[in-house]
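Structural features, examined
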Amino acid sequence: MCGIVGAVAERNITAILLEGLKRLEYRGYDSAGVAIFTNGGTLERTRRPGKVSELEQALENEPLAGRLGIAHTRWATHGAPCERNAHPHFAGDLAVVHNGIIENHETLRAQLKDLGYVFTSDTDTEVIAHLLEHKLKELGDLTVALKATVKELHGAYGLAVISAQQPDRLVAARSGSPLVIGLGMGENFLASDQLALRQVTDRFVYLEEGDIAEIRRESVQIWDVDGQAVERESVQYRDGAEAADKGEFRHYMLKEIHEQPAVVQRTLEGRLSQNQVLVQAFGPQAAELFAKVRNVQIVACGTSYHAGMVARYWLEELAGIPCQVEVASEFRYRKVVVQADTLFVTISQSGETADTLAALRNAKELGYLASLAICNVGISSLVRESDLTLLTQAGREIGVASTKAFTTQLVGLLLLTLSLGQVRGTLASGVEATLVEELRRLPSRLGEALAMDSTVEKIAELFAEKNHTLFLGRGAQFPVAMEGALKLKEISYIHAEAYPAGELKHGPLALVDNDMPVVTVAPNNELLEKLKSNLQEVRARGGELIVFADEQAGMTNGEGTHVVQMPHIHDILSPILYTIPLQLLSYYVAVLKGTDVDQPRNLAKSVTVE
Ligand code: F6R
């Protein structure tokens, strides 16, 4: 989703801004722009639809140099992705970049037009620029004008502003869209994600909801939502920037798929004793809170929601705890009846997904027992605002289609299930010790699944000319099928649907013919025979089957049936293992189709707007 970078320094900052934008590319965007207060004393901008490389080329042809500037990657919400709508937006001698959505933009636009302001774009952001211009005329000081402006904005924003009138500073405001200040020596920076600034600093100050910041070369001043001057703690990262290159892999997505044994291992580290899960991995108050839990409500979006759906099977089967799972965009607007002693669990890779965050904020008003975030970003809003946290250790995920984040979320959710069962005494005897043992073996089992890479690559050829596919699964493999279908549609643009296999004859069977491959995952469990019957229904209609089956399931290749043998695994862990071939399948189909695997069209990595 949109990205912001800003800098105020003694040196030329154009290259720093461009590098920052490149580091934010993984979030997804469709235009990019930069505004610089030039050494000649004028405010200039360059904007381009398309990739940052096109902006870079434009700046090579007509360079802009200066010591104060802001830059942006835009993911279109209001108005098409064209140069006119790209940020920064100018008003008078101001330049503004904005992440988020201004909900009252139409009212404000009408008022500003009545006052004589002329609009040149279709964006909600330009409204902020003119409102700020208006306030600046009235109040004379940029920071004061920004404080007055945000009071009139409804919606979500991360804002960065510069002005040719007061070129000694960069001003910023955060409400619903993250911003972080990067601290330098005699220079300071701003970005929507610290990753954008890791090339210039390792010291950061995170703005909190409602904060306004005035950033100068030698100082940073912050005011909170009540207008009080505040000190915000700075954090320093010493872990070194994580490798942001593809290494030997052609795409980040493939690299991230292959990282799964290592990141699952990392997610388990320090969280298991000899034969138990260490409940305190969820925080010091976890044991006391978990003892009170009688229900679990999980809320998440997309892939993270699929992880939650798998967890429902685990929580009810292993820990005997009733569990509901809902997509955040529905949950947040629904009148919810909260059962007593319900733990509210959010799952998110980024921890900044607008709907999930809003759902958490609503939940806090609704009387849940406590909130727990399963998240991959320790400094995210979701983590900061939750009572308990379990950080997945997937490392930075750059491919827009989530892979390693999903499998580490599943690991985190299984740790949660075992912890709740342990504390509440609801696990069957010996189950925890067995599963802890199986979890220890999981990284090497994932390695075995990854070794099937070239087999899956061949299977992918069956899909290259197809327009529709069906994914089937039963039990906890149904959400795995949903995740497989989501991956395929996201990156190959092939229409893919997932169904519980038992639902086939209630409708979707009508779609099956020899042009619609049917993919299924078949671990060796008590549902296997039922699944086999469902697959017969497909074959009988000429449907071509691709089955990822347990090596002990007794399934073999036949006419129209392609069976890929999977290593045997404990049934509870099978959703994690069977995810791997489905990820590989969608990856190789996308490669064959020549799509942009790491940055699929219309999608963003971190969905920070509603
Ligand atoms: C799909 C994908 C998305 C995200 C969803 C939630 O591959 O990545 O469906 O899972 O946008 O994002 P997070 O997990 O960051 O809340």
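This report concerns the structure included in the present document.

What follows covers the overall build of the protein chain. Looking only at helices and strands, the protein chain has 18 helices and 25 strands in total. For the protein chain, the C-alpha radius of gyration of 26 Å lies close to 25 Å, the compact-globule estimate for 610 residues. Dimensions of the protein chain, computed from C-alpha atoms along their principal axes, come out at roughly 75 × 55 × 45 Å. Residues counted as buried form 60% of the 610 residues belonging to the protein chain. For the protein chain, long-range pairs separated by at least 24 residues make up 72% of all intrachain contacts whose partners lie at least 6 apart in sequence. Distance between charge centroids for the protein chain: 1 Å, based on 58 positive and 78 negative side chains.

Turning next to the sheet that holds strand β11 (residues 203-206). The strand order across the open sheet formed by eight strands is β3-β2-β4-β1-β10-β9-β11-β15, and the pairing between neighbours is antiparallel. With one partner strand each, in any of the chains shown, β3 (43-49) and β15 (234-236) form the two edges of the open sheet. Taken over all neighbouring pairs, the strand axes of this sheet differ in orientation by 20° on average, direction set aside. Judged from the three bridges that link them, β11 and β15 form a sheet pairing that is antiparallel. Considered in β15, the bridge of R203 is made with Q236. Across the sheet, helix α1 (residues 14-23) is in contact with β1 (3-8), β2 (31-38), β4 (66-74) and β10 (188-191); its angle to β4 comes to roughly 20°. Those strands touched by helix α2 (residues 52-61) are β2, β3 and β4, and its axis lies near 135° from that of β3.

So, about helix α9 (residues 302-318). Every α-helical turn comprises 3.6 residues, leaving residues that sit three or four positions apart pointing alike. A rise of 1.5 Å per residue sets the reference length of α9, with its 17 residues, at 24 Å; its end C-alpha atoms lie 25 Å apart and thus fit the reference within 8%. Burial analysis of α9 places 12 of its 17 residues in the buried class, which makes it a mostly covered element. Taken together, the buried positions of α9 are T303, S304, Y305, H306, A307, G308, M309, V310, A311, W314, L315 and L318. Downstream of α9 by a residue or two, G320 has a phi angle that is positive, lying close to 65°.

Turning our eyes to something else, we now look at helix α13 (residues 404-424). Here α13 is 21 residues long and its end C-alpha atoms lie 30 Å apart, about the 30 Å a rise of 1.5 Å per residue gives. Within α13, 18 of the 21 residues are buried, leaving the element largely enclosed by the surrounding structure. Remark: G425 follows α13 within two positions and exhibits a positive phi of approximately 65°.

On to unusual backbone geometry, then. Across the junction of H87 and P88, the peptide omega takes the value 0°, indicating a cis bond. Mapped onto the fold, P88 is located in the loop between β4 and β5 (89-91). The residue Y493 is not glycine, and still its phi comes out positive at about 65°. Residue placement: Y493 occurs in the loop between α16 (477-492) and β22 (495-500). The phi angle at N602 is positive, at roughly 65°, despite the residue not being glycine.

Procedures and definitions
- Residues numbered from 1 in each chain as written.
- Predicted model: local features only at pLDDT ≥ 70, side-chain atom pairs only at ≥ 80, totals over all residues.
- Heavy atoms only, no water.
- Helix = DSSP H or I, 4+ residues; strand = E, 2+ residues; numbered from the N terminus.
- Rg over C-alpha atoms; globule rule 2.2 N^0.38 Å.
- Buried < 20%, exposed > 50% of the residue type's maximum accessible area, 1.4 Å probe, protein only.
- Contact = heavy atoms within 4.5 Å.
- Lys, Arg positive; Asp, Glu negative; His and termini not counted.
- Charge placed at Lys NZ, Arg CZ, Asp CG, Glu CD.
- Pairing = 2+ DSSP bridges.
- Axes fitted to C-alpha atoms, helices over the stretch in contact; angles between N-to-C directions.
- Expected span 1.5 Å × (residues − 1).

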